[in-house]
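Breakdown of the fold
Residues per chain are reported as follows:
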Amino acid sequence: MSFAEMMNIGLLQGFAGLSLFSVLLLMGLGLAVIFGQMGVINMAHGEFMTIGAYTVYMGSTLTEKYAPNLVQAYFPFAIVAAFVIAFGVGWLTEWALIRHLYKRPLDTLLATWGLSLGLQQVFRTAIGPKEVSPTLPDWLMGSWSPHEGLDIPINGMFVMGLTALVTVLLMIALYKARWGLRVRATVSNRVMANAIGINTKQTDRLTFAIGCGIAGVAGAAFTTIGSTGPTSGSLYIVDSFLVVTFGGAGSLLGTVASAFGIAQTQSISEFFMTGSNAKVLTLLTVVTILMLRPQGLFPSKVRK
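For clarity, every value in this text was computed on a predicted model and none was experimentally measured.

Basis of the calculations
Residues numbered from 1 in each chain as written. Predicted model: local features only at pLDDT ≥ 70, side-chain atom pairs only at ≥ 80, totals over all residues. Heavy atoms only, no water. Helix = DSSP H or I, 4+ residues; strand = E, 2+ residues; numbered from the N terminus. Rg over C-alpha atoms; globule rule 2.2 N^0.38 Å. Buried < 20%, exposed > 50% of the residue type's maximum accessible area, 1.4 Å probe, protein only. Contact = heavy atoms within 4.5 Å. Core = buried A, V, L, I, M, F, W, Y, C linked by side-chain atoms within 4.5 Å. Expected span 1.5 Å × (residues − 1). Arc of directions from axis to C-beta. Axes fitted to C-alpha atoms, helices over the stretch in contact; angles between N-to-C directions. Parallel < 35°, antiparallel > 145°, perpendicular 65-115°, else oblique. Left-handed = near helix turned anticlockwise from the far one by under 90°. 1 Å grid on protein atoms, 1.4 Å probe; cavity = no way out; pocket = protein on both sides within 12 Å on 5 of 7 lines; lining within 4 Å. Points joined across faces, edges and corners; volume = space filled by probe spheres on them. Phe/Tyr/Trp six-rings, centres within 6.5 Å; stacked < 30°, edge-to-face > 60°. Patch = residues over 30% accessible without salt bridge, like charges linked within 9 Å, V, L, I, M, F, W, Y side chains within 5 Å. Areas by Shrake-Rupley, 256 points an atom, 1.4 Å probe, with all protein chains shown as cover. Salt bridge = Lys/Arg side-chain N within 4 Å of Asp/Glu carboxyl O.

Moving on, we get to the overall build of the chain. Looking only at helices and strands, the chain has 11 helices and 2 strands in total. Counting helices and strands in the order they occur from the N terminus, the chain gives α-α-α-α-β-β-α-α-α-α-α-α-α. A compact globule built from 304 residues should have a C-alpha radius of gyration of about 19 Å, and the chain, at 20 Å, falls within 12% of that. Principal axes of the C-alpha set define a box for the chain whose edges measure 65 × 55 × 35 Å. Considering the chain as a whole, with its 304 residues, one finds that 47% of them fall into the buried category. Considering only contacts within the chain whose residues lie at least 6 apart along the sequence, 77% involve residues at least 24 apart.

Set out below in structure tokens:
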């Protein structure tokens, strides 16, 4: 094997790690907002990802049936719809369930786990138990070849671009927008935030809904690289919690660094061993580091 071929294989493996990093980061960002800012353990986060994926699938199906000439243009609108629908379901979930369980993290774990099982059954009943895939527009298919022997998938680059956009928008919202100021004030001192007129209950509801909406975007991105089934989102929930815990609860910088490190470790390991062994090695590495630094890479304050 020539040096050029080895370089191409290494670059492709690194790009595969970046694709995994993008999905993990989108999931981790939603969890970082919900768990890091509110202290709520949302075991149904994967199902909000599935909601986003099914939204894209339904958008594809309806477009093909009623407006086939728009198949090349529906996908960006489907991503927005995925955020809006997951946001709406998250808003209702906080109002109906989560708001009664604040300061009881173990109860939120059990309640959202039950919600997860219920949503999975809804997906099976409404859509079916089989995995489905949307019809992607032609501009998402194929690959880009910067030089001979190196083919980079266009859908992977799109997911990376979408992840970068969502990350930047969330950073701006948290540190420049009024919502972010209210969130940080509520996390810092809830009693004082109430005293100066901040509606902390409304802030909690909006924060939870935004975290769920980001999970919906993660689901929309996931449809470009895999098929969707009733339990697809639950497969990522463990990795997502690992990303947030390893990065430091509530730290967006830590979430980014953690997602990148976990994705690249797993991707590089898969070059030398099987996928299952690579997952085990990645998990052992993360757990070992957490034993030495239990607060994570960039610890942050959680809801009081």
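Having seen the structure, we can now continue with the description.
The subject of this paragraph is the nonpolar core. Counting 59 residues, the largest nonpolar core has Leu24, Val40, Phe75, Leu170, Phe208, Tyr236 and Ile262 as its most contacted members. Here this core takes 11 residues from helix H1 (residues 3-38), the largest share from any one element. Residues in contact with Phe75, not counting those within four places in the same chain, are Val56, Leu136, Pro137, Trp139, Leu140, Phe158, Ala220, Thr223 and Thr224. Core analysis: the next-biggest nonpolar cluster, separate from the first, contains 5 residues, Ile41, Ile237, Phe241 and Val244 among them.

What follows deals with helix H10 (residues 252-272). Between its terminal C-alpha atoms H10 stretches 31 Å, which fits the 30 Å expected from 21 residues at 1.5 Å a residue. Taken together, the buried positions of H10 are Leu252, Gly254, Thr255, Ser258, Ala259, Ile262, Ala263, Gln264, Gln266, Ser267 and Ser269.

Now for helix H6 (residues 178-188). Restricting attention to buried positions, one finds in H6 the residues Trp179, Gly180, Val183, Thr186 and Val187. All buried residues of H6 lie within an arc of 130 degrees about the axis, which places them on one face of the element. For H6, exposure combined with an orientation more than 90 degrees from the buried face picks out Arg178 and Leu181.

Axis separation between helix H2 (residues 45-66) and helix H3 (residues 74-96) bottoms out at 8 Å; the angle between their running directions is 140 degrees. By the angle between their directions, the pair H2 and H3 is classed as oblique. You can see that H2 and H3 cross each other, and the crossing is right-handed. Taken together, the residues of H3 that come into contact with H2 (itself represented by Phe48, Ile51, Gly52, Thr55, Val56, Gly59, Ser60 and Thr63) are Tyr74, Phe75, Ala78, Ala81, Ala82, Ile85, Ala86, Val89, Gly90 and Thr93.

What follows covers the side chain of Thr255. Within the secondary structure layout, Thr255 lies in helix H10. Setting aside chain neighbours within four positions, we find Thr255 in contact with Leu25, Gly28, Leu29, Ala32, Val243 and Gly247.

Before going further, it helps to spend a moment on the layout of surface pockets. With a probe scaled to a water molecule rolled over the atoms, the places where space remains empty come into view. Within this model, the largest pocket holds a volume of roughly 330 Å³. In this structure, the largest pocket is lined by 15 residues; those nearest its centre are Phe83, Val166, Leu169, Ile214 and Val217. Of all the elements in the fold, those that place two or more residues in the lining of the largest pocket are H3, helix H5 (154-175) and helix H8 (200-222). For the lining of the largest pocket, the element with the most residues is H5, which contributes 7 residues.

Before going further, it helps to spend a moment on the environment of Thr50. For Thr50, the position within the fold is in helix H2. The exposure class of Thr50 is buried, given its relative accessible area of 2%. Separated by 178 residues in the primary sequence, Thr50 and Thr228 place their C-alpha atoms 7.2 Å from one another. Excluding its chain neighbours within four sequence positions, the residues that come into contact with Thr50 are Phe123, Thr228, Gly229, Pro230, Ser232 and Gly233.

One pass over the structure, following the stated rule, counts 7 aromatic pairs. Relative to Phe87, the ring of Phe83 lies with its centre 5.9 Å away and its plane at 35 degrees, an arrangement referred to as tilted. Of this pair, Phe83 and Phe87 both sit in helix H3, 4 residues apart, which is roughly one turn of the helix. A network of ring pairs unites the aromatic residues Tyr74, Phe75, Trp139 and Phe158 as a single cluster.

Once that is clear, we can look at a nonpolar patch on the surface. On the surface, a cluster of nonpolar side chains totalling about 500 Å² of accessible area is made up of Ile268, Phe271, Phe272, Met273 and Leu281. For the nonpolar patch, the element with the highest residue contribution is H10, accounting for 3 residues.

For the rest of this paragraph, the subject is the pattern of salt bridges. What the rule picks out here adds up to 2 salt bridges. Where Arg205 meets Glu94, a salt bridge forms, and the shortest distance between an N and an O atom there is 2.6 Å. One end of the pair, Arg205, is in helix H8; the other, Glu94, is in helix H3, with 111 residues separating them in the sequence. The pair Arg205 / Glu94 is uniform in exposure class, with both members buried. For Arg104, the salt bridge is made with Asp107, and the minimal N-O distance between the two is 2.7 Å.

Interpretation note: all reported values are geometric properties and have no functional meaning in isolation.
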